[in-house]
Amino acid sequence: MSTPIISLSHVRFGPAKKPILDNLSLEVPAGHFMGIIGPNGAGKSTLLTIIAGLTKPDAGHIDLFGRCLNSKTRISLQENIGYLHQKHANQPDIPMRVYDVVTMGLTSFNQPLWHGLFADKQAEKEAIHHALTLVEMDSHIHTDFRNLSGGQQQRVRLARALVRQPKLLLLDEPSAALDSPRQEKLYKLLRKLCDENNMTVLMVEHDVAAITSYVDSVACLNKQMHHHAKKGETIPDEVWREMYGEHVNIVAHDASCIGCMPSPQNHSQEQHSQKQHNHEHHHD
Amino acid sequence: MIDFLNQFFNSPVMQDALPPALLIAFITASMSIMVVAHRLSFLTVGVSHASLAGLGLAVALSLPLLPTAAATAIAIALLLAVLPNRQGINEDAGTGMLFAGSMALGVVLISSTSRNEVDLFGLLFGNILTVSPDDMQWIMGGSILVVFSIILWAKSWWSMAFDMITAKASGIATSRLRLILHGMIGLTVVMCVKLAGIVLTTGLLVLPAACAWFWGRSMFNLWWLSLSFSLVGTLGGLMWSYQYDWPSGAAIILMLCVLFTISWAASWLKQQYQKSR
């Protein structure tokens, strides 16, 4: 078996008595597209920051691409990681064209100025064009980043994460600023990158119904990994209740999607309308 | 006009003052785009005032002025980079506290020495006309350090200013580079104090980039513009200072303010013109 891209074993974050993440073990192979769901404060974003090397876990071990992640290996491992976070609220007011924003994603960017004299400008240009084409922002290449809409900015940020052609892509609610046709396009693109480029994608999302026909598996996270549903499997109601609380109202879904099919006995107990396409998690 | 320029460039005072003034203009213009991008203008206020503590120490212990002031300013700037993160105080409040505290220390130290030793007016408002060869050496050394750091880390600093989290995730040692940035800003501030004084230093480190901000579209673009504004401001200010016998630091800052107003008005007019088309 080939080395997994991500391998977490017994990872804990936060104090032992009141951990934010506890005893988390997970293996993700290359080319796998995983969705992570869970209620607010479940530690989903924290998990991504730990894998991205931004936060140190308090216990446990992490291997990325078969190498141990620690303060010495962090920077070299990060060359193969694309990461899109969700804290874009106070972006500074810096004049920059879309082209320059994507350029910052190249691994060769953070080099001394003289490096620019010897760099292969043409190859860089092509990589940037390609990344912007993937997110359909190539027509805005010379636009000032500050003049773009929230959704367009999000797509440019995604292009910045993609331009280095990472082996591992970590996305924290990438669809937050996107309308639903754009969301679909994004998930399709990610699926394609996994299939064709063997990229591994870990994506935190709230709407399980929207991602379910694209991802290979769904991980249910709330402090611990409650369930890991592969394609064709269901997420049992107990898992939903454990994650979101007792008062959650489980609505049945389209039978084709992962994780959303009610198990047979619940199906008869909870006389819900079928084919309804959203989850109603009434959590606080 | 030609006569005036002839006089200006040939006067012995200006021949002494121009090299350090233009060198400082070059350094401040380069650092100012980082100051504005990282929103560190209050840091420059804090550090420049804190250098009074360094000058106070130097006077009290009879140490050389500029080196002591430089060491103090860099120490304070580094402290400001470390302190807020660790203790949960925001950078703003941290700067405010250290700024007042070290200024107070400086005032006490200076007031307890004999008044004649210290040119307080020169310290507060700057005087480029009194740069000694020793000072010039210090300014040269500092400039080389700052330029070298810009060549090495300008791109990483820029990336950090745009998005700190993504910068860290893309493999930049952000904590270390942030410390270096603060240190280099501290060093630049001390060099400016000679030209513009404690009170006016911030102007030199904010105005050139602020003028450029309306027009720049990328880092290099901003740098060229900021440099042009800074050099024009410094030359123009010194000419005013020469013509009307104004204090040099204040004249330079005033000239930069005039340039800022022109730049701002021109960009506003350009916007109106684009809207009307």
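Residues numbered from 1 in each chain as written. Chains lettered and ligands numbered in written order. Predicted model: local features only at pLDDT ≥ 70, side-chain atom pairs only at ≥ 80, totals over all residues. Heavy atoms only, no water.

*Asks:* I tried to follow the overall build of chain A on my own but got confused; where do I start?
*Replies:* In terms of helices and strands, chain A carries 10 helices and 10 strands. Burial statistics for chain A: of 284 residues in total, 53% are counted as buried. Pairs at least 24 residues apart make up 66% of the contacts formed inside chain A by residues separated by at least 6 positions. (Helix = DSSP H or I, 4+ residues; strand = E, 2+ residues; numbered from the N terminus. Buried < 20%, exposed > 50% of the residue type's maximum accessible area, 1.4 Å probe, protein only. Contact = heavy atoms within 4.5 Å.)

*Asks:* When you look at the confidence of the model for chain A in this model, what are you seeing that I'm missing?
*Replies:* Low pLDDT marks regions whose predicted coordinates should not be analysed in detail. Residue and element names in this part refer to chain A. Per-residue confidence for chain A gives a mean pLDDT of 82; residues scoring 70 or more make up 83%. For the stretch residues 252-257, pLDDT sits under 50, and the model shows 19 contacts to residues farther than four places along the chain or on other chains. pLDDT under 50 marks residues 260-284. Its contacts with residues more than four places away, or in other chains, come to 50 contacts. (pLDDT = per-residue confidence, 0-100.)

*Asks:* Help me understand the sheet that holds strand β7 (residues 168-172) of chain A, please; the structure alone is not making it clear to me.
*Replies:* Whether parallel or antiparallel, the strands of a sheet pair through hydrogen bonds between backbone atoms. All names here are of chain A. In space, the six strands of this open sheet follow the order β6-β7-β8-β3-β9-β10, with mixed pairing throughout. Strand pairing shows two members of the sheet lacking a second neighbour, β6 (81-84) and β10 (224-230), which therefore form its edges. Ignoring which end each strand starts from, the neighbouring axes of this sheet average 15° apart. Summarising the sheet, β6 and β7 pair through four bridges and their orientation is parallel. Bridge assignment links L84 to a residue of β7, and that residue is L171. Across the sheet, helix α6 (residues 150-162) is in contact with β6 and β7; its angle to β6 comes to roughly 165°. (Pairing = 2+ DSSP bridges. Axes fitted to C-alpha atoms, helices over the stretch in contact; angles between N-to-C directions.)

*Asks:* Is there a simple way to explain helix α3 (residues 41-60) of chain B in this structure?
*Replies:* Residues and elements named next belong to chain B. Taking 1.5 Å per residue as the helical rise, α3 with its 20 residues ought to reach 28 Å, and the 29 Å between its terminal C-alpha atoms agrees with that figure. The element α3 is largely enclosed, with a buried count of 16 among its 20 residues. Among the residues trailing α3, S62 stands out with phi positive, at a value near 45°. (Expected span 1.5 Å × (residues − 1).)

*Asks:* Where do I start with unusual backbone geometry in this structure?
*Replies:* Trans is the common state for peptide bonds, and a negative phi is the common state for residues other than glycine. Residue and element names in this part refer to chain B. Its identity as a non-glycine residue notwithstanding, R39 has a phi of 55°, on the positive side. Residue position: R39 is located in the loop between α2 (12-37) and α3. Its relative accessible area of 57% is what places R39 among the exposed residues.

*Asks:* Hey, could you run me through helix α1 (residues 44-51) of chain A in this one?
*Replies:* Note that an α-helix has 3.6 residues per turn; residues three or four places apart therefore point the same way. Residue and element names in this part refer to chain A. Most of α1 is tucked away: seven of the eight residues are buried. Turning to α1, its buried residues number three or more, namely K44, T46, L47, L48, T49, I50 and I51. Within two residues after α1, G53 carries a phi angle of roughly 85°, on the positive side.

*Asks:* Sorry, what's going on with the interface of chain A and chain B here?
*Replies:* In many analyses, interface size is given as the accessible surface area lost on bringing the parts together. Across the contact, 30 residues belong to chain A and 28 residues belong to chain B. In total, about 2800 Å² of surface goes out of reach between chain A and chain B, with carbon and sulfur atoms giving 60% of it. Between the two partners, chain A and chain B, sit zero salt bridges. On inspection of chain A and its partner chain B, the count reaches 12 residue pairs in polar contact (both at pLDDT 80 or more). If you list the elements that add at least two residues to the side of chain A that touches chain B, you get α2 (74-78) and α3 (98-103) of chain A. (Buried area = accessible area lost by both parts, 1.4 Å probe. Salt bridge = Lys/Arg side-chain N within 4 Å of Asp/Glu carboxyl O. Polar contact = N/O pair within 3.5 Å; in protein donor to acceptor, adjacent residues only side chain to side chain.)

*Asks:* Quick question: what am I supposed to make of the nonpolar core here?
*Replies:* Inside soluble globular proteins, nonpolar side chains tend to come together where they are buried. Counting 121 residues, the largest nonpolar core has V102 of chain A together with W158 and L204 of chain B as its most contacted members. Among the elements that make up this core, the one with the highest residue count is helix α9 (residues 174-213) of chain B (20 residues). Ignoring anything within four residues of it in the chain, the contact list for W158 of chain B reads I94, P95 and M96 of chain A together with I33, M34, A37, W213, M219 and L222 of chain B. Counting 31 residues, the second largest nonpolar core, distinct from the first, contains V11, L21, L47 and L221 of chain A. (Core = buried A, V, L, I, M, F, W, Y, C linked by side-chain atoms within 4.5 Å.)

*Asks:* Please clarify how the pattern of salt bridges should be interpreted in this entry.
*Replies:* Should the charged atoms of two oppositely charged side chains come close, the side chains can pair. Residues and elements named next belong to chain A. Enumeration over the complete set of coordinates arrives at seven salt bridges over all chains. Linking E136 and R182 is a salt bridge whose minimum nitrogen-to-oxygen distance equals 3.2 Å. Here E136 is found in the loop between α5 (121-134) and α6, whereas its partner R182 is found in helix α7 (residues 180-197), with 46 residues between them in sequence. Residue classification places E136 among the partly exposed residues on the basis of a relative accessible area of 37%. For R182, a relative accessible area of 22% corresponds to the partly exposed category. Between K185 and E136 there is a salt bridge whose closest N-O contact spans 3.3 Å. Taken as a pair, K185 in helix α7 and E136 in the loop between α5 and α6 lie far apart in primary sequence, 49 residues in all. When salt bridges that share partners are traced, they join D93, D144 and R146 into one network.

*Asks:* Mind showing me how you'd approach the packing of α2 of chain B against helix α7 (residues 133-162) of chain B here?
*Replies:* Between two packed helices, what matters for the description is the angle formed by their axes and the separation of those axes. Residue and element names in this part refer to chain B. The interhelical angle for the contact between α2 and α7, taken along N-to-C directions, is 25°, at an axis separation of 10 Å. The angle between α2 and α7 places the two elements in the roughly parallel class. For the pair α2 and α7, the crossing hand works out as left-handed. Contacts from P19, P20, L23, I24, F26, I27, S30, M31, I33, M34 and A37 in α2 reach M136, I139, M140, S143, V146, V147, I150, A154, W157, W158 and A161 in α7. In the contact of α2 with α7, the residues fall into 20 nonpolar, two polar and no charged. (Parallel < 35°, antiparallel > 145°, perpendicular 65-115°, else oblique. Left-handed = near helix turned anticlockwise from the far one by under 90°. Nonpolar A, V, L, I, M, F, W, Y, C, P; charged D, E, K, R; others polar.)

*Asks:* How do you make sense of a nonpolar patch on the surface when you look at a structure like this?
*Replies:* Residues and elements named next belong to chain A. Residues W114, L117 and F118 make up a contiguous nonpolar surface patch of about 430 Å² in total accessible area. Looking at the element boundaries, W114 is found in the loop between α3 and α4 (115-118). Given the relative accessible area of 44%, W114 is considered partly exposed. (Patch = residues over 30% accessible without salt bridge, like charges linked within 9 Å, V, L, I, M, F, W, Y side chains within 5 Å. Areas by Shrake-Rupley, 256 points an atom, 1.4 Å probe, with all protein chains shown as cover.)

*Asks:* Help me understand the packing of aromatic side chains, please; the structure alone is not making it clear to me.
*Replies:* What describes a pair of aromatic rings is the distance from one ring centre to the other and the angle between the planes of the rings. Applying the stated criterion across every chain yields a total of 14 aromatic pairs over all chains. A ring pair is formed by W240 of chain B and W246 of chain B, whose centres lie 5.4 Å apart and whose planes are at 70°; its orientation type is edge-to-face. Overall, W246 of chain B belongs to the partly exposed group, its relative accessible area being 36%. Grouping aromatic residues by their ring pairs yields a cluster made of F4, F8, F9 and Y242 of chain B. A cation sits over an aromatic face here: K167 of chain A above F65 of chain A, 5.2 Å from the ring centre. (Phe/Tyr/Trp six-rings, centres within 6.5 Å; stacked < 30°, edge-to-face > 60°. Lys NZ or Arg CZ within 6 Å of the ring centre and 35° of its normal.)

*Asks:* Please clarify how the side chain of D216 of chain A should be interpreted in this entry.
*Replies:* With respect to the element layout, D216 of chain A can be found in the loop between α8 (208-211) and β9 (217-222). Taking relative accessible area as the criterion, D216 of chain A reaches 18% and is therefore assigned buried.

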